Amino acid sequence: VEEPGRLYLPTVGACAVFGSVLWRARERAVAWSRQMVSFGIVVWVATWGVLTALRNPDWRDDLALARSLVRSQPDAPQGHDWLGGLYLRFGDLARAEVCFRRLLTVPGAEWTGHCGLGDVFFRRKIYREAANAYQEALRSHPEVAGTHAKLAQTAELLGRPDLALRHYTQAFRLEPKAPGYV
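**Focus: the overall build of the protein chain**
Step number 1: The helix and strand tally for the protein chain stands at nine helices and zero strands.
Step number 2: When the helices and strands of the protein chain are placed in sequence order, the string is α-α-α-α-α-α-α-α-α.
Step number 3: Counting all 182 residues of the protein chain, 36% fall into the buried class.
Step number 4: Across the protein chain, the fraction of contacts at a sequence separation of at least 24, relative to all contacts at a separation of at least 6, is 37%.
Step number 5: In the form shown here, the protein chain has an accessible surface area of approximately 11,300 Å², with 61% of it arising from carbon and sulfur atoms.

In structure tokens, the structure reads:
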């Protein structure tokens, strides 16, 4: 998932290019106007810096930024996935489940929703539901080794060594150099 904070990098780049152009203009200007151009550059950079800071209080942490992304783009699956993953990391399983269930309604994002729900159920120790969610995810993306490994782990806890072995083997086939699959 691309972190939304990276979306602001083009703005920073545009500011740097514009500042560079102004700086070159300053160097070419006559002596009396150099000070005015320098002052203009400082005012311009300071103004945009303050405006950016005021417009973006959500940058204080990842959770606030992910919530802001979901508010501003409610139909974008990346925001729900990122927010659900953060909630999962912080142990807020109810909110994580809401985010991942939302992904089940977005065409093309169902796989991510099923994987996320599998992780939520696994953390709640509802292993049967976790296994069902991982199997559903594998229906659309059987090439993802991590999902096979998660299903194998879950199958072990369900007392299904045959299923666990089959999915550990598949995970190892897909990513033989990945640690933790055997």
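**Examining the packing of aromatic side chains**
Step number 1: Scanning all chains against the criterion turns up one aromatic pair.
Step number 2: Where Phe-122 meets Tyr-127, the ring centres are 5.4 Å apart and the plane angle is 65°; that geometry is what we call edge-to-face.
Step number 3: In this arrangement the basic side chain of Arg-89 is found over the ring face of Phe-90, its NZ or CZ atom lying 5.7 Å from the centre.

**Thoughts on the environment of Val-70**
Step number 1: By secondary structure assignment, the location of Val-70 is in helix α3 (residues 62-72).
Step number 2: A residue is classified by how much of its surface remains accessible, and Val-70, at 15% relative accessible area, is buried.
Step number 3: As for Val-70 and Leu-83, which are separated by 13 residues in sequence, their C-alpha atoms are 7.9 Å apart.
Step number 4: Sequence-distant contacts of Val-70, defined by excluding residues within four places in its chain, comprise Gly-79, His-80 and Leu-83.

**What about a nonpolar patch on the surface?**
Step number 1: Residues Trp-48, Val-50, Leu-51 and Leu-54 make up a contiguous nonpolar surface patch of roughly 390 Å² in combined accessible area.
Step number 2: For Leu-54, a relative accessible area of 63% puts it in the exposed group.

**A few points about the packing of helix α7 (residues 127-140) against helix α8 (residues 145-157)**
Step number 1: Following both chains from N to C, one finds α7 and α8 inclined at 155°, their axes separated by 9 Å at the closest point. Overall, the two elements α7 and α8 adopt an arrangement that is roughly antiparallel. For the element pair α7 and α8, the recorded crossing hand is left-handed. Across from Tyr-127, Ala-130, Ala-131, Tyr-134, Gln-135, Ala-137 and Leu-138 in α7, the residues of α8 making contact are Thr-147, His-148, Lys-150, Leu-151, Thr-154 and Leu-157.

**Thoughts on unusual backbone geometry**
Step number 1: Even without being glycine, Lys-125 reaches a positive phi, approximately 65°.
Step number 2: With respect to the secondary-structure elements, Lys-125 resides in the loop between α6 (110-123) and α7.
Step number 3: Residue Lys-125 is classed as exposed on the basis of its relative accessible area of 61%.

**A word on α6**
It helps to recall that an α-helix has 3.6 residues per turn; residues three or four apart then point in one direction.
Step number 1: Here α6 spans 20 Å end to end across 14 residues, near enough to the 20 Å set by a 1.5 Å rise per residue.
Step number 2: Counting buried positions along α6 gives 10 out of 14 residues, so the element sits mostly inside the fold.
Step number 3: Within α6, the full set of buried residues consists of Thr-112, Gly-113, His-114, Cys-115, Gly-116, Leu-117, Gly-118, Asp-119, Val-120 and Phe-121.
Step number 4: Following α6 by one or two positions, Lys-125 has its phi on the positive side, about 65°.

**Considering the confidence of the model for the protein chain**
Step number 1: Averaged over every residue, the pLDDT of the protein chain is 86; residues scoring 70 or more account for 88%.
Step number 2: Least confident of the elements in the protein chain is helix α1 (residues 9-28), whose mean pLDDT is 72; most confident is α7, at 97.

About the criteria used
- Residues numbered from 1 in each chain as written.
- Predicted model: local features only at pLDDT ≥ 70, side-chain atom pairs only at ≥ 80, totals over all residues.
- Heavy atoms only, no water.
- Helix = DSSP H or I, 4+ residues; strand = E, 2+ residues; numbered from the N terminus.
- Buried < 20%, exposed > 50% of the residue type's maximum accessible area, 1.4 Å probe, protein only.
- Contact = heavy atoms within 4.5 Å.
- Areas by Shrake-Rupley, 256 points an atom, 1.4 Å probe, with all protein chains shown as cover.
- Phe/Tyr/Trp six-rings, centres within 6.5 Å; stacked < 30°, edge-to-face > 60°.
- Lys NZ or Arg CZ within 6 Å of the ring centre and 35° of its normal.
- Patch = residues over 30% accessible without salt bridge, like charges linked within 9 Å, V, L, I, M, F, W, Y side chains within 5 Å.
- Salt bridge = Lys/Arg side-chain N within 4 Å of Asp/Glu carboxyl O.
- Axes fitted to C-alpha atoms, helices over the stretch in contact; angles between N-to-C directions.
- Parallel < 35°, antiparallel > 145°, perpendicular 65-115°, else oblique.
- Left-handed = near helix turned anticlockwise from the far one by under 90°.
- Expected span 1.5 Å × (residues − 1).
- pLDDT = per-residue confidence, 0-100.

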